[in-house]
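# Residue-level structural notes
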Amino acid sequence: MEITHIETVHSGWAKFLIATVRLADGRTFRREIEDHGIAACVLPYDPDRRTAVLVRQFRLPVYYAARAPHTLEAIAGIVDEADPAEAARREAREEAGLEIGVLEPVAQGWTMPGVSTERMHLYLATYHGRAREGRGGVDEDEDITAVELDLRELARLADAGELVDIKTLVLLQTLRLRRPELFLK
């Protein structure tokens, strides 16, 4: 396969492209690509109090598709720094007012390989203290509230299908596998 042409149809926070692809037999087809770069995501947890901090925020695509008023998800953002781990630290400060400890890498992967160029770096990290009360985030379109949850309640939400953000599910399930004692009574 060969990409023979790329057309930019929008360039803003993300770029939206249309690629023309030629197959080995000469047939061509077109595909849309969403391009906004690398992202980092962290699930901060307190092993002593057995809590985690997530953020609740309005997500227009989720509202459009499911009329859900908000999502509950791990802290994430676009990587502007050379090191994705530093982006995770920055996002924890901006979105939840948290200073996190050592970042424990979980994985990195394509979030939607058929549509997007986004490659997400996933981390677990400990925190101590409390999350910021009130609105977080630094962009004018962010309406973010930090939420501290008991880890057993977070696991219950996941098991009941009520935790619908995939990156958050991956991080929570990884924490459950690596530190099962945090989820016991």
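In this report, we go over the structure that sits alongside the text. Keep in mind the model is a prediction, meaning the values are calculated, not measured. For every chain, the first residue of its written sequence is number 1, and the numbers climb from 1 along that sequence. Thresholds applied to this predicted model are a pLDDT of at least 70 for local features of residues and 80 or more for the giving and counting of side-chain atom pairs; totals over whole chains, interfaces and linings are not thresholded and use all residues. Calculated side-chain values reflect all of the structure's heavy atoms, with hydrogen atoms and water omitted.

The number of helices and strands found in the protein is four helices and eleven strands. The principal-axis extent of the C-alpha atoms belonging to the protein is close to 60 × 35 × 35 Å. Summary of the burial criterion: residues with accessible area below 20% of their type's maximum are buried, those above 50% are exposed, and those between are partly exposed, where the area comes from a 1.4 Å probe applied to protein chains only. Each of the 185 residues in the protein was classed as buried or not, and the buried ones make up 41%. Reported accessibility uses the Shrake-Rupley method at a 1.4 Å probe radius. Residues are deemed covered only where the shown protein chains occlude them. Just so you have it, the protein exposes about 10,600 Å², and 54% of that area is on carbon and sulfur atoms. We count Lys and Arg on the positive side and Asp and Glu on the negative side, and we leave His and both chain ends out. All charge positions are set by atom: Lys at NZ, Arg at CZ, Asp at CG, Glu at CD. Side chains of the protein give 24 positive and 32 negative charges; the mean places of these two sets differ by 5 Å. Numbered from the N terminus, helices here are DSSP runs of H or I no shorter than four residues, and strands are runs of E no shorter than two.

Moving on: the pairing of strand E3 (residues 28–35). Pairing of strand E2 (residues 15–22) with E3 involves eight bridges; the strand directions are antiparallel. Paired with Arg22 across the two strands is Thr28, which belongs to E3. In this description, strands pair whenever DSSP reports at least two bridges between them. Adjacent in sequence and paired antiparallel, E2 and E3 are bridged by five residues, among which Gly26 carries a positive phi angle near 100 degrees.

For patch building, the residue pool is restricted to those with more than 30% relative accessible area and no salt bridge; the joining distance is 9 Å between like charges and 5 Å between nonpolar side chains (Val, Leu, Ile, Met, Phe, Trp, Tyr). For this analysis, a salt bridge means a side-chain nitrogen from Lys or Arg found within 4 Å of a carboxyl oxygen belonging to Asp or Glu. Together, Phe58, Leu60 and Tyr63 make up a nonpolar patch on the protein surface, roughly 310 Å² of accessible area in all. Within the secondary structure, Leu60 sits in helix H1 (residues 60–66).

The next point concerns the sheet that holds strand E1 (residues 2–11). The antiparallel open sheet is built from three strands, whose spatial order is E1-E2-E3. Of all strands in the sheet, those with a lone pairing partner are E1 and E3, marking the two edges. Within this sheet the neighbouring strands show an average axis-to-axis angle of 20 degrees, counted without direction. As paired elements, E1 and E2 share eight bridges and run antiparallel to each other. Looking at E2, one finds that His10 is bridged to Phe16. Under this scheme, a helix contributes an axis fitted over its contacting stretch, all axes are lines through C-alpha atoms, and angles between N-to-C directions fall in the 0 to 180 degree range.

Aromatic pairing here means that ring centres of Phe, Tyr or Trp (its six-membered ring) are within 6.5 Å. Orientation follows from the plane angle: under 30 degrees is stacked, over 60 is edge-to-face, and everything else is tilted. Applying the stated criterion across every chain yields a total of one aromatic pair. With a centroid separation of 5.7 Å and an interplanar angle of 50 degrees, the aromatic rings of Phe58 and Tyr63 are classed as tilted. Note on Tyr63: relative accessible area 35%, which makes it partly exposed. Lying over the aromatic face of Phe183, Arg176 brings its terminal NZ or CZ to 5.9 Å of the ring centre. Geometrically, a lysine NZ or arginine CZ counts as sitting over a ring once it is within 6 Å of the ring centre and also within 35 degrees of the ring normal.

As a further point, take unusual backbone geometry. The phi dihedral of Arg50 falls on the positive side, at around 60 degrees, and the residue is not glycine. Position of Arg50 among the secondary structure elements: in the loop between strand E4 (38–46) and strand E5 (51–57).

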